[in-house]
Every structure is written in C-alpha cells, then in structure tokens.
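# Coordinate inspection notes
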There are 2 protein chains.
Amino acid sequence: MLAAVKTPAELTELFRSRGLKITPQRVSIFRALYDNDTHPTAEAVYAKVLEEMPTISLRTVYQTLNDLAAMGEITQLDLGTGSARFDPNLSPHHHLVCESCGQVRDVYGEFDGVKIPKNKLAGFQVSSTEIVFRGLCPDCAAAAEYAGAGAAT
Amino acid sequence: MLAAVKTPAELTELFRSRGLKITPQRVSIFRALYDNDTHPTAEAVYAKVLEEMPTISLRTVYQTLNDLAAMGEITQLDLGTGSARFDPNLSPHHHLVCESCGQVRDVYGEFDGVKIPKNKLAGFQVSSTEIVFRGLCPDCAAAAEYAGAGAAT
DNA sequence: TTACAAATAACAACGGTTGCAGTTTGAGTG
DNA sequence: CACTCAAACTGCAACCGTTGTTATTTGTAA
Ligand SMILES: [Mn+2]
Ligand SMILES: [Mn+2]
Ligand SMILES: [Zn+2]
Ligand SMILES: [Zn+2]
C-alpha cells in the first residue's frame, strides 16, 4: 500500500468538485497513477493507459499530468534523466536515483538536520527541500562489482 | 573570491597534461567559468565568450562544457529550469533555487544529518547527495509581498 | 615547413514537450 | 430523450535544448 495517494475515485470527485469533466481518458490516467511508485514518465503513463484505451493521445496524457501537478495532486520531478517523472505520492519523502539504470526509489528518512541557518539565508524564503541521493541500485551495484572483479583478474 | 575553482591557467595545464590541444575557444570558456557563481547555462557561457570571440560556435561551448564535466572539473546541474546549468565550484555545497526568477545560489551548510539509515538503504550504494532548496530570492519575495498586499486592499 | 590528428563551425537531426485548430463529447437544460 | 455548447480530445506542427555529422581549420610535434 502506498501512502498519501488519492484513489481514482477521489481524484474523480476532486475534478467534479472543480467543475471539470469526468472523461474516460482522465479516469484511466488516474488509475495508471494509483498505487504506482515507479515515478513514471509521461510516456510510461501513456503506455499503461494505452492498454485499456488504445485511442488516447500522448498529448492528453501530458495535459492531464500537468493539470494534476498544477492542482498539487502529483509532483513533477526533474532528475536529469532526460524526461520529467511524475510522483503521485504526496507524503513528504526524498529520492534515490540509480545512475546506471535510472530507477527512482522513495526514501522516508527524517533529515530534520536539513535547515539552513538563518544567517546564511540572506533573505531567501525556502518553501520546499528536495534531497536526491545518487548511486547504484542493488542490481546495478552487483553488476558493477562483477564487472570490476572480472576486469581485475 | 570563489572557493575550489581552478584558474584558466590551471585548466589549460590540465588539458595540456592530458594531451589535449590548447585552443583560444577553450581558454575563453575557461575564463568565462572562472570566478562565476551564476551557475550559467550553456547559452549563458556562449553569450559571455561571444564578447571576446565572436566566431565561436555554440556547439563548441557544449562540447567543452561536456568535456570539463567528464573530467570532473565542473558539475552539471539539472534543476528543472529548462536547461542544464554548469557549476565550476567544486567545493561541496548545495543550492537555493528561486522559483520565480530562476536564479541559483550556493549554500554552504553542513547537513551531516543527511545520511540514510542502513536498514532503509536496502542495498542501494549512495555516491552523492544533492540538496535543493526551492523558494523565493529576496527580490522576488519582496515583489510577491508587495503584490499580495496590493491585491488584499 | 610539413603532416596529421584533433578541434571547430555549420547545419541537420533528435527527443521531450507544448501550441494550435478542428472534431468530439460530458453534462446541464428543457 | 434530444439539444446545446463549453470543455476536452486528437493529430500534427512547432519549439527548444542538446547532440550527431562532416567538411574545414588549426595546434603541435617532428
Ligand atoms: Mn517518490
Ligand atoms: Mn553551486
Ligand atoms: Zn540500477
Ligand atoms: Zn527570484
């Protein structure tokens, strides 16, 4: 179970309450995001939705993801992996990024120590803090170790 | 004075020691980066170099920035501002990003508390940690407050 | 000087994302 | 249920940052 993620029904209700139309495209995108902790790209969401709605356009996926982000229901992550990734998990957390395969994992640490001393802020108003840990996922680390051992012999 | 940044002369020597050619284009780019804490985009570096070398191509700027990054002499930052930014400051630090005007400032805090508990790592090998504080720079914060006050009256 | 590998410049191409315009459709009205 | 119309969708062109390609130029060592 994923924390702090609205269900498709809840997102549907949210859209309705804002006077927006409930279209099958939107509902399908809500389903594709629900219980999804893969931090998918727009293309990945599109691929998933295509399975049950073969006529949806990529443009509509972008449009809906942008709408959700503007409403604060998903977060857009720019991790330098070529394309934006979307995160439906609203609970405060940070990310591990594998520099080899690109996968993104959630980290639920505390990190209360991450506060800038006021004297260093110089008037800057901080509204959010993102921490990105880069490195190797277990699979890629194992592969790298194996390759390193092979090269050393 | 900027910490831990190689001088144009030092970068020139580094290139020479690697058997790379010392071209006026490269030296000009070294100069554009030296003592530059603006985290410039490739276009910004290009604009600066154009002042003293009106024939350089943007492609060469990209090429040299990529080379420097591959050598570890500059860092490429992807902050979701549309284009990559380059940071010649090699001393460990983090960044403040103004969400209104896009400017990027250095933060030299400690943040030793930012360590993932081993039991949460699940085999992930972390090699670097980036912290990005987002918010409003003093100028944009003042402008926002003014606009807010105006709207409230 | 000469010779040549390396670097540059010009330009095409690429990938992710957005703009646009014509068509379709959800949902309120009677 | 039929009608209406703003909103949403689709298809495609365009955009922008970045990279690939290749002919020309140039730094460097002989
Ligand atoms: Mn996440
Ligand atoms: Mn910096
Ligand atoms: Zn991996
Ligand atoms: Zn600002």
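Residues numbered from 1 in each chain as written. Chains lettered and ligands numbered in written order. Predicted model: local features only at pLDDT ≥ 70, side-chain atom pairs only at ≥ 80, totals over all residues. Heavy atoms only, no water.

### Concerning the protein's contact with DNA strand C
Near DNA strand C you find 19 residues, and of these A:I22, A:Y62, A:A84, B:T23 and B:T60 are the closest. Considering the 4 Å shell around the protein, atoms of DNA strand C inside it are sugar or phosphate in 69% of instances. One of the side-chain N or O atoms of A:R59 is found 3.0 Å from a base oxygen in DNA strand C. One of the side-chain nitrogen or oxygen atoms of B:K21 is found 3.2 Å away from a sugar or linking oxygen of DNA strand C. Elements represented by at least two residues in the surface near DNA strand C include exactly α4 (58-71) of chain A together with α2 (24-33) and α4 (58-70) of chain B. Looking at the surface near DNA strand C element by element, the count peaks at three residues for α4(A). When grouped by side-chain class, the residues that make up the surface near DNA strand C number six nonpolar, eight polar and five charged. (Near = heavy atom within 4 Å. Polar contact = N/O pair within 3.5 Å; in protein donor to acceptor, adjacent residues only side chain to side chain. Helix = DSSP H or I, 4+ residues; strand = E, 2+ residues; numbered from the N terminus. Nonpolar A, V, L, I, M, F, W, Y, C, P; charged D, E, K, R; others polar.)

### Some remarks on the side chain of B:H39
All names here are of chain B. On the secondary structure map, H39 appears in the loop between α2 and α3 (42-52). At a separation of 3.2 Å, a polar atom in the side chain of H39 contacts the main-chain carbonyl oxygen of V104. Residues contacting H39, with those up to four places away along its chain left out, are L77, R85, F86, D87, H93, H95, V104, R105 and D106. (Contact = heavy atoms within 4.5 Å.)

### A few points about the pattern of salt bridges
Residue and element names in this part refer to chain B. On inspection of all chains with the given rule, the structure shows nine salt bridges over all chains. Close ionic contact of E73 with K6 constitutes a salt bridge, the shortest N to O distance being 2.6 Å. Taken together, the positions of E73 in the loop between α4 and β1 (75-77) and K6 in the segment before α1 (8-17) put the pair 67 residues apart, joining distant regions of the chain. (Salt bridge = Lys/Arg side-chain N within 4 Å of Asp/Glu carboxyl O.)

### Overview of the sheet that holds strand β5 (residues 125-136) of chain A
Read from one edge to the other, the open sheet built from six strands follows the order β4(A)-β3(A)-β5(A)-β5(B)-β3(B)-β4(B), with strand pairing classed as mixed. Looking at the sheet topology across the chains shown, the edges are occupied by β4 (104-107) of chain A together with β4 (104-107) of chain B. The mean inter-strand angle of the sheet, taken between neighbouring strand axes irrespective of direction, is 30°. Where strand β3 (residues 94-98) of chain A meets β4(A), four bridges bridge the pair, whose relative direction is antiparallel. In the sheet register, A:H95 faces β4(A), and the bridge partner there is A:D106. (Pairing = 2+ DSSP bridges. Axes fitted to C-alpha atoms, helices over the stretch in contact; angles between N-to-C directions.)

### Observations concerning the interface of chain B and chain A
Where the parts come together, the accessible area they lose is often given as the size of the interface. Each partner contributes residues to the interface: chain B has 35 residues there, and chain A has 35 residues. When chain B packs against chain A, the two sides together hide about 2900 Å² of surface, and 60% of this comes from carbon and sulfur. Its largest share of buried area at the contact with chain A, chain B owes to B:F124, B:E130 and B:R134, together 22% of the area lost on that side. Run the count over chain B and chain A and you get two salt bridges. As a salt-bridge pair, B:E130 and A:R134 come within 2.5 Å of each other at their nearest N and O atoms. Of all the elements in the fold, those that place two or more residues in the side of chain B that touches chain A are β3 (94-98), β4, α5 (118-121), β5 (125-136) and α6 (138-152) of chain B. The element contributing the most residues to the side of chain B that touches chain A is β5(B), with twelve residues. As defined by bridge partners, β5(A) adjoins β5(B) across eleven bridges and the pair is classed as antiparallel. Within β5(B), the position partnered with A:I131 by the bridge is B:I131. (Buried area = accessible area lost by both parts, 1.4 Å probe.)

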